[in-house]
Structure formats: C-alpha cells, structure tokens
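# Structural description and commentary
Chain residues, written in single-letter form:
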Amino acid sequence: MFSVRISVLGTGYLGATHAAALARWGHIVSGVDVDPHRVDLLSRGVAPFHEPGFADLLREGVASGRLTFSTDVAAVDGADVHFLCVGTPQLDGADGADLSALWAAVEALAPELGRDALVVGKSTVPVGTAALLQERIDDLTPPNHGVEVAWNPEFLREGHAVEDSLRPDRLVLGTASDAAEARLRAVYCRLLADGVPVVRTDLQTAELAKASANVMLASRISVVNVLAQVCEAANADIGRLTEILGLDSRIGPQYLSPGIGFGGGCLPKDLRAFSSRAGELGVDTAAQLLGAVDDVNTYQRQRTVDLATRLLDGRPRGRRVAALGAAFKADSDDIRDSPALSVATSLAAVGARVRVHDPEAGRHLSGRSDLETRDTVESACDGAELTLVLTEWAQFAALDPVALGSVVARRVVVDGRLVLDPHRWTRAGWTVHALGRGDPWPPADTARRAG
Ligand SMILES: NC(=O)c1ccc[n+]([C@@H]2O[C@H](COP(=O)([O-])OP(=O)(O)OC[C@H]3O[C@@H](n4cnc5c(N)ncnc54)[C@H](O)[C@@H]3O)[C@@H](O)[C@H]2O)c1
C-alpha cells in the first residue's frame, strides 16, 4: 500500500479523527497536541471524546504502530505532509476567529519542516489566512526551502465524524501548484479509488468552502425556525409543513428540523467569523443576513426558556425541572455553545432546580453548582414538574411515556427537538408542548382522533 509520512497538529474532534482515518489508509501518522492529558489518552488508544466508531478506529491505528501521539512537535520529524487541525474559536468579545492556536502551531512547526514540505490547513479559517500563513512560513524557514501551503477543508459532522472521514461527500483540494495537488491526491488515494468526488480549487475558495457550508446550514435552520414561529401563530403544524417542504426535490429533507436551534463548536462561530470577514472585505450584506440568522437562533433558546417558565406558572424558583440532553447534538458529548445547556442554565439562573441527564455529555458538567447531573433519565425526572427534551438522542425519542409518567410529579413535557410522538405521549396522560406546534400539541380533537 502507498504510504505517506504525515503529521497532524491539533488532535481534537477533527484532528484525532483525521489522524486515525489517515492511519487506516496505511499512512504513518504523528499526532501532536499541546494538551498532555489528551495525548496520554490517545497514545493509549483511549478516545478522549464520544464519537461513534472512533474508539475502534483509534485502537486499530495505535495497535498497528502507524498512529502515534506526542506533545513534542519534534515528533513530526520525517513527515513531509503536515495537517493543521487546531481550534479556531470565536474571539473573546468580537465576532472574528481567534487564530492564535494556528499561529502558535505554525511557529512551533516551522523549525521542524523539511525541504519541500507541504503544510495543509484543515481548520476553518477566514478567507485570506492561507496566504498569510505562506508568508509567515517563508519568513520562518531558510530561503528556497520550498515549503508550500495548501487548504483542504473538513466537512465532518460531529456524531458522524468517522463515517464522514472515511466516506466524505467530496474532497476539496485548495492548492497553488500541481505538485501540491499531486501530493494531496497521494494522501487521499484510497478515497479517490472509491470514487469520492474531488474539487480542485484555489486557496481562497477552499478556505471559504467550510464556512460557506455552515452559513447555508445555519440559515436553513433559522428559516425553519421562523416557519415554526409562524405555524405557532397560525395554529398550523410545523411537522407536516417540513414534511411537505422536504419532499420538494429542490429543498430536500435535511436540516429541516425546527427546535431550540443550532450550536456546537462550529456553526455559531463560523457564521460570525464569516460575517466579520465579509465585512472586512466590504460585503456588508453578509452581516445583515447572517445577523438575522444568528438572532433567530438565539431567540429560539429564549423562547424555550419562556415556554418553560410559563409552564411553571411564571414561578420557576425552587421548581424541579428535568433537562434531557446537554450535548449540542445527539451522538456527541460536545457541549460547546450547546442550546440544550443554554436552556438548562437559563432556567437554573432564575431559580429552577434543574437536573440534567445526557448519555455522554454529563461528565463535562461535574463541578457545576447550578445544575445537578443524573446518570439516568428516571433519576433526572424523579419528581419533576416539567420535563424538557433538549438533545435529539434516539433513546429520548424511544422513552416509554407510561413508565416515565409514574416518576414525574407532573406529566408536562417540552419537546425541544420534535423527536417525541405526541400522540403516544398524550395517550399516556402527558401534555406535550413543542415550539412550532401550538400550545399544547396535539390539539384535543386531534388527540382524540389519534387515540
Ligand atoms: N468539530 C468539528 O465537527 C469540525 C468539523 C470541521 C471543521 N472543524 C474545524 O476544525 C478545527 C478544530 O476543531 P475541533 O472541533 O477539532 O477543535 P478541538 O477544540 O476539539 O481541538 C483543537 C485541538 O487543538 C489543540 N491545540 C491548540 N493549540 C495547539 C497547538 N499550538 N499545537 C497543537 N495543538 C494545539 C487543542 O489542545 C485541541 O486538542 C476548527 O477550526 C473547527 O472549526 C471542526
């Protein structure tokens, strides 16, 4: 098998998954991270985060000897393709991206770079970063060292990171030379053999690709949430409406779920960074459009808190609330900018006694004094006057409303993700509330018909 020596700087959700996928394809991979705890876990083949299939892929790579991890950047020695996968969070107090980890990684990497090395950006960055990176690397390496920068954005979805890495929808190769493209094609030869579509483009377009995809997805979710608000006002059914829209071949069913909105470590910050960078480039319409998308999203969280407060008779203080879900989405333990956690935290801030259960993310809440965490749905719901479903975990959708009804103090549930079968829950004596579905849902006559 054709094998390339590769380094991966930054081994978070993106970098660790990418490194393990590269090892699966037969490459020799050194992962480097500044977090010693993370490196220790990864080196022992222990997944530092929850991602379906990742633990097996990691163990396979480590056991093969092709996948190693270190905090010492000297471990990249011998590699001639280097992937930059460090975090690019939102700046403190501003909308732009904080690229400090990226610059720090490059400063550390530069002295280790061999002649003609290829440095490949995978992190999501503002357009124009690759050109600055090339300048910086030229400054930091000997004259005519021949190090080239390429951009290969990553589109993986948390919760599906392994399958998206091993079978991506497309590969984007942003390169300034045929030689760089050829080297990236060698890295991805397995995917190319599998027929994964490749788009070769310039560096700027490649940099824009990931943020643009997230701008499209975030906008779509906020549009659906506006439709849900109108449905609520008009006493229409958002579930049926999205079904109708999803059957339109121009629209399709993906990302049409109304609810408490998007979150996580990517969509919100990518939206804001894109808008900020567009403004720097003189494109003010981006801020107008995307500011509204962001506002609608934030409003969904507030609407959920308002609804919950109303269902607690406007007196949340001291009332027991069960929050099912803390992760920003199902099949992930990521709580960065999580709408679920935001709702739970807001209710706790007005005095509600919130007990949270999440199948994977609960461990990230230890040490928080405002929220109690529980290991099971039942213990979170024990004595609850209000139950909130805040993350779309399959096990929440499959809950038995009859059994849970005997645990809670009041059978009132807010389905923040539209995953519950309202007929089933209503038949079990619950009042089901959901943004976009009137209040409560289903209306009494529908419930009777269904029953
Ligand atoms: N998480 C996703 O689903 C996803 C998908 C596509 C793109 N991205 C992008 O990928 C990038 C990384 O995202 P993530 O979710 O993996 O972040 P993360 O926070 O999980 O991981 C970032 C890692 O970089 C490490 N790091 C920081 N500074 C470093 C340095 N100087 N040298 C080496 N390592 C360093 C951190 O310790 C951390 O382990 C971001 O730009 C993000 O927008 C993420």
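Because the structure is predicted, anything quoted here is derived from the model rather than measured. (Residues numbered from 1 in each chain as written. Predicted model: local features only at pLDDT ≥ 70, side-chain atom pairs only at ≥ 80, totals over all residues. Heavy atoms only, no water.)

## Notes on the overall build of the protein
When you go through the protein residue by residue, the secondary structure sums to 18 helices and 14 strands. Here the C-alpha coordinates of the protein stretch approximately 75 × 45 × 40 Å along the principal axes. In the protein, which comprises 451 residues, the share counted as buried stands at 54%. Taken as a whole, the protein presents about 18900 Å² of accessible surface, with 53% of it coming from carbon and sulfur. Treating the 45 positive side-chain charges of the protein as one cloud and the 58 negative ones as another, the clouds have centres 7 Å apart. (Helix = DSSP H or I, 4+ residues; strand = E, 2+ residues; numbered from the N terminus. Buried < 20%, exposed > 50% of the residue type's maximum accessible area, 1.4 Å probe, protein only. Areas by Shrake-Rupley, 256 points an atom, 1.4 Å probe, with all protein chains shown as cover. Lys, Arg positive; Asp, Glu negative; His and termini not counted. Charge placed at Lys NZ, Arg CZ, Asp CG, Glu CD.)

## Concerning the pattern of salt bridges
Side chains that differ in sign of charge can pair as their charged atoms come close. For the structure on display, the rule yields 28 salt bridges. Of the charged contacts, one joins R368 and D370 as a salt bridge, the two residues approaching to 2.7 Å between their closest N and O atoms. Looking at D370, the relative accessible area reads 32%, which means it is partly exposed. (Salt bridge = Lys/Arg side-chain N within 4 Å of Asp/Glu carboxyl O.)

## With respect to the site of the ligand
In the region of the ligand, 25 residues are neighbours, and L14, D33, T88, E158 and K269 sit closest. Here L14 contributes a backbone N or O atom positioned 2.8 Å from an oxygen atom of the ligand. At 2.6 Å from an oxygen atom of the ligand is found a side-chain nitrogen or oxygen belonging to K269. For the ligand, the protein covers 87% of the area, taking 830 Å² as the surface of the free molecule. Those elements giving two or more residues to the shell around the ligand turn out to be helix 1 (13-24) and helix 4 (100-109). In terms of residue count, the dominant contributor to the shell around the ligand is helix 4 (three residues). Tallied by class, the residues present in the shell around the ligand amount to 11 nonpolar, six polar and eight charged. (Near = heavy atom within 4 Å. Polar contact = N/O pair within 3.5 Å; in protein donor to acceptor, adjacent residues only side chain to side chain. Nonpolar A, V, L, I, M, F, W, Y, C, P; charged D, E, K, R; others polar.)

## Quick word on helix 4
All of the buried residues along helix 4 are L102, A105, V106 and L109. All buried residues of helix 4 fall inside an arc of 95° around its axis, so they share one side. Against the buried residues of helix 4 lie strand 1 (5-9), strand 4 (81-84), strand 5 (118-121) and helix 5 (129-140). (Arc of directions from axis to C-beta. Contact = heavy atoms within 4.5 Å.)

## Observations concerning the sheet that holds strand 14 (residues 431-433)
To summarise the sheet geometry, strands pair through backbone hydrogen bonds and adopt either a parallel or an antiparallel arrangement. Pairing is parallel across the open sheet formed by six strands, whose spatial order is 11-10-9-12-13-14. The two strands at the open ends of the sheet, each matched to only one other strand, are strand 11 (371-373) and strand 14. With strand direction ignored, the average angle separating the axes of adjacent strands in the sheet is 25°. Summarising the sheet, strand 10 (residues 353-357) and strand 11 pair through three bridges and their orientation is parallel. Note on strand 11: the bridge partner recorded for V354 is L371. Running over the sheet, helix 12 (residues 284-311) touches strand 12 (386-389), strand 13 (412-415) and strand 14 and is turned about 170° from strand 13. (Pairing = 2+ DSSP bridges. Axes fitted to C-alpha atoms, helices over the stretch in contact; angles between N-to-C directions.)

## With respect to the packing of aromatic side chains
Following the criterion strictly, the structure yields five aromatic pairs and no others. In textbook terms, an aromatic cluster arises when at least three aromatic residues are bridged by ring pairs, as seen for Y13, F49 and F54. Seen from the ring of F155, R170 lies directly overhead, with NZ or CZ sitting 3.6 Å from the centre. (Phe/Tyr/Trp six-rings, centres within 6.5 Å; stacked < 30°, edge-to-face > 60°. Lys NZ or Arg CZ within 6 Å of the ring centre and 35° of its normal.)

## A few points about the packing of helix 9 (residues 203-234) against helix 10 (residues 238-246)
Where helix 9 meets helix 10, the closest approach of the two axes is 9 Å, and the angle between their N-to-C directions is 135°. Relative to helix 10, helix 9 is oriented oblique. In this structure, the crossing between helix 9 and helix 10 has a hand that is right-handed. For the pair helix 9 and helix 10, the contacting residues are V224, L227, A228 and C231 in the first and I238, L241, T242 and L245 in the second. Here the residues of the contact of helix 9 with helix 10 sort into seven nonpolar, one polar and no charged. (Parallel < 35°, antiparallel > 145°, perpendicular 65-115°, else oblique. Left-handed = near helix turned anticlockwise from the far one by under 90°.)

## Points about the domain arrangement of the protein
Looking at the assigned domains, one finds that the protein contains domain 1 (5-201) and domain 2 (229-450). Put simply, the middle of domain 1 and the middle of domain 2, counted by C-alpha atoms, are 34 Å apart. Taken residue by residue, the interface counts 20 residues in domain 1 and 18 residues in domain 2. Broken down residue by residue, the surface that domain 1 buries against domain 2 is led by H50, D95 and E158, which jointly contribute 39%. (Domains from an automatic or database assignment. Buried area = accessible area lost by both parts, 1.4 Å probe.)

## Considering the nonpolar core
Counting residues in hydrophobic clusters, the biggest one holds 47 residues, and the most contacted among them are L347, V354, L386 and L388. Broken down by secondary-structure element, the contributors of at least two residues to this core are helix 12, strand 9 (320-324), helix 13 (339-349), strand 10, helix 14 (377-381), strand 12 and strand 13. The biggest single contributor to this core is helix 13, with six residues. Excluding anything up to four places from it in sequence, L388 contacts A308, V321, A322, A323, L324, V343, L347 and V414. One finds A23, V39, A150 and L184 within the second-largest nonpolar core, a separate group that totals 39 residues. (Core = buried A, V, L, I, M, F, W, Y, C linked by side-chain atoms within 4.5 Å.)

## Let's talk about the side chain of E385
The topology assignment puts E385 in the loop between helix 14 and strand 12. Polar contacts involving the side chain of E385 include one to the side chain of R319, which spans 3.0 Å. Excluding anything up to four places from it in sequence, E385 contacts L312, R319, R320, A409, R410 and V412.

## Some words on the confidence of the model for the protein
Of all residues in the protein, 97% attain a pLDDT of 70 or more, and the chain-wide mean is 95. For residues 444-451, every residue scores under 50 in pLDDT, and the model assigns this stretch six contacts once sequence neighbours within four places are set aside. (pLDDT = per-residue confidence, 0-100.)

## Here's the deal with the side chain of T304
Looking at where T304 falls in the secondary structure, it is placed in helix 12. T304 gets classed as buried once you look at its relative accessible area, which sits at 0%. Polar contacts involving the side chain of T304 include one to the main-chain carbonyl oxygen of Q300, which spans 2.7 Å.

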